[in-house]
Amino acid sequence: MTTDFSKKSWLSIAADSDFSLQNLPFGIFKTGDKKPRIGVAIGDQVIDTWQLAKRGYLDELDIPKSIFRKKYLNQFMALGKEKTSAVRARIFQLFEEGNREIRENADQDKLLVAMEDAEMMMPVKVGDYTDFYSSIEHATNVGTMFRDPNNALLPNWRHLPVGYHGRASSIVLSGTPLHRPKGQTKGPDDEAPKYGPSQRVDFELEMAFVTCKENGLGNQISTEQAEEYIFGFCLFNDWSARDIQTWEYVPLGPFLAKNFGSSISPWIVTIDALEAFRCAGPDQQPAVLDYLQYEGNKNYDINLSVAIMPEAGEETVVCNSNFKHMYWNVNQQLAHHTVNGCNISVGDMYASGTISGPTEDSYGSMLELAWKGTKPVKLANGEERKFIQDNDTVVMNGSAEKEGVRVGFGEVRTKLLPAK
Ligand code: CA
C-alpha cells in the first residue's frame, strides 16, 4: 500500500519535496529542551512519533511506547522489519487523504513540528562502519591515475566487493563543520615526508545502508536474506585527504586519510520506500561465485548530485551521478561481508564507495572531476577548484521520482573549516 503513488496526503506537500507520503523516512529530532524522539519527515514537517504513540494511535502495533522517545533509532530498528514496516504503513494510513483519525486534532495534539523548528540529531548510534569500493567507474578512474591505465582494476575487483573497515567515531551529522585535517605527506619531489595541513581535501559521493538485525558470530547472510538485515539508506560524504592517502596507502586509504570525518544526512529512507525504484544492475563478467549470485533487481535508480558553495558565493553543482551505477549491489556486499562469519550488529553503517557514473560530469570526487588536479572545475563565481578549499561548503542531494512524486534523502551539507 505504501508504494501506491496515486495516493495523496491531507497535508499539503510541495511537488518538489523530498518527503512525500510515499517516503516517510525515520530520523531523530528534538525541539527546545524536550527529550530527543523519533521523527518521520513529511513535506516541510516532522511527525512526532512519540506523541502519536502516547495518544494511542500506534497501539494496535503492540510496541513499547518508550521506544519512540530515544536518542537513536537502534532500539526501534531492532524490533525487526515486520514491526518497523508496520509503523511506516500505519503512518501512511493516518496521513492519507481519506483518513480523518488525526486530521482535525493534529495541531492540538502536537503531532507535527515544522522542520525548521526541529533540531536533527544523529539518527543511529553507529557501532561499526565499513566502506566498500563498489563503483567500477570510480575504481577504474583511481586505478588509471595511481597505477596502470592499461590495467586499472586489480585482479580481484570483478570477483568480490572490495571494502575496508572505517572509523565509526568520526561519522557526523549534516551541518556539523569539519576542520581541514593535518597529517604526514610526501610529494614526488619531496626528499622527506613533512607534517602539516592536507592540501588535497576531497569529498566522496556515497550512499550508506544501516543494519537492523544481528546474524551472530560465525553465521553467513545470503544475498537472498540480506534485505532482512537492511533498514534503510542515507547520503554519505566520505571525506578524504588525498595527499595523506597517497603517502600512507595506494590506492585505498583506510587510515588517517579517511578517519577525520564522514558526514551523513539525517533521514534514513527505508527499503520499503525505495521498492518502486529498483532496477537491474550492470552485467557482471566474469560470472561471480555462487554465494554472490542473486535474483531480482537489487540496484536503485536514485539521482545524486554534489554542489560546492564557496564562502562568498552560490552553490555550483559539480557532479550528477546515480546510485544505479553500482557494480556490486548491497545484497552482495552484505553476503560477502559475512561469508567468513563476521557478525553484523544493529546500527552498523555500510557505505557504498564513491558513486561515479560513466561520464566526466558524473564522477563522485574532486580527484576524478579535476583529474588529479589537471582539469580544474569552474564555479559559478568564476573561481576554480582542484580540491576543496577552506570555508567551502559541500552539499550532496539524492532523490528518486515516479509519477510526479519524489522520494528523496534531503541533503548532507558540510563546511570545511581551516586546520586547527
Ligand atoms: Ca569511500
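Before any of the text, the structure's been laid out above.
Being a predicted model, the structure only gives us computed values, none of them experimental.

Thresholds, definitions, all that
- Residues numbered from 1 in each chain as written.
- Predicted model: local features only at pLDDT ≥ 70, side-chain atom pairs only at ≥ 80, totals over all residues.
- Heavy atoms only, no water.
- 1 Å grid on protein atoms, 1.4 Å probe; cavity = no way out; pocket = protein on both sides within 12 Å on 5 of 7 lines; lining within 4 Å.
- Points joined across faces, edges and corners; volume = space filled by probe spheres on them.
- Helix = DSSP H or I, 4+ residues; strand = E, 2+ residues; numbered from the N terminus.
- Nonpolar A, V, L, I, M, F, W, Y, C, P; charged D, E, K, R; others polar.
- Donors = N, O, S within 2.8 Å, 3.2 Å for Na, K, Ca; no water.
- Buried < 20%, exposed > 50% of the residue type's maximum accessible area, 1.4 Å probe, protein only.
- Expected span 1.5 Å × (residues − 1).
- Polar contact = N/O pair within 3.5 Å; in protein donor to acceptor, adjacent residues only side chain to side chain.
- Contact = heavy atoms within 4.5 Å.
- Salt bridge = Lys/Arg side-chain N within 4 Å of Asp/Glu carboxyl O.

Novice: I'd love a proper account of the layout of surface pockets, names of residues and values included.
Specialist: Empty space within the largest pocket amounts to approximately 310 Å³. If you trace the largest pocket, you find 16 residues lining it, with Lys186, Gly187, Arg200, Asp243 and Thr246 closest to the centre. Contributions of two or more residues to the lining of the largest pocket are made by β10 (182–185), β11 (194–197) and α6 (242–248). Here the second largest pocket defines a volume of roughly 230 Å³. Here the residues of the lining of the second largest pocket are counted per class, giving seven nonpolar, six polar and three charged.

Novice: Help me get a handle on the coordination of the calcium ion, residues and values and all.
Specialist: Those donors, Asp131 (OD), Glu204 (OE), Glu206 (OE) and Asp238 (OD), are the protein atoms that reach the calcium ion, and they lie 2.2 to 2.3 Å from it. Summarised as a motif, the one-chain spacing of the donors to the calcium ion is D-x72-E-x1-E-x31-D. Accessibility assignment for this pair places Glu204 and Glu206 in one class, buried.

Novice: Tell me about helix α3 (residues 81–95), residues and numbers included.
Specialist: The terminal C-alpha atoms of α3, which comprises 15 residues, lie 21 Å apart, in line with the 21 Å expected from a rise of 1.5 Å per residue. Here α3 has its buried residues at Lys81, Thr84, Val87, Arg88, Arg90, Ile91, Phe92, Leu94 and Phe95.

Novice: So, the side chain of Arg180: which residues are in play, and what are the values?
Specialist: Relative to the elements of secondary structure, Arg180 occurs in the loop between β9 (178–179) and β10. The exposure class of Arg180 is buried, given its relative accessible area of 9%. There is a polar contact of 2.6 Å between the side chain of Arg180 and the side chain of Asp390. Ignoring any residue separated from it by four or fewer positions in sequence, one finds Arg180 in contact with Pro197, Ser198, Gln199, Val201, Ile388, Gln389, Asp390, Leu416, Leu417, Pro418, Ala419 and Lys420.

Novice: Any details on the pattern of salt bridges? Residues and values, ideally.
Specialist: For the structure on display, the rule yields 25 salt bridges. The residue Arg55 makes a salt bridge to Asp109 at a minimum N-O spacing of 3.6 Å. One end of the pair, Arg55, is in the loop between α1 (49–54) and α2 (74–77); the other, Asp109, is in the loop between α3 and β4 (112–114), with 54 residues separating them in the sequence. For Arg55, a relative accessible area of 37% gives the class partly exposed. Overall, Asp109 belongs to the buried group, its relative accessible area being 9%. A salt bridge links Asp59 to Lys65, with the nearest nitrogen and oxygen atoms 3.2 Å apart. The exposure class assigned to Asp59 is partly exposed, which follows from its relative accessible area of 46%. The partly exposed category is assigned to Lys65, whose relative accessible area is 34%. What you see here is one network of salt bridges that share partners, running through Asp202, Glu204, Asp238, Arg242 and Lys258.

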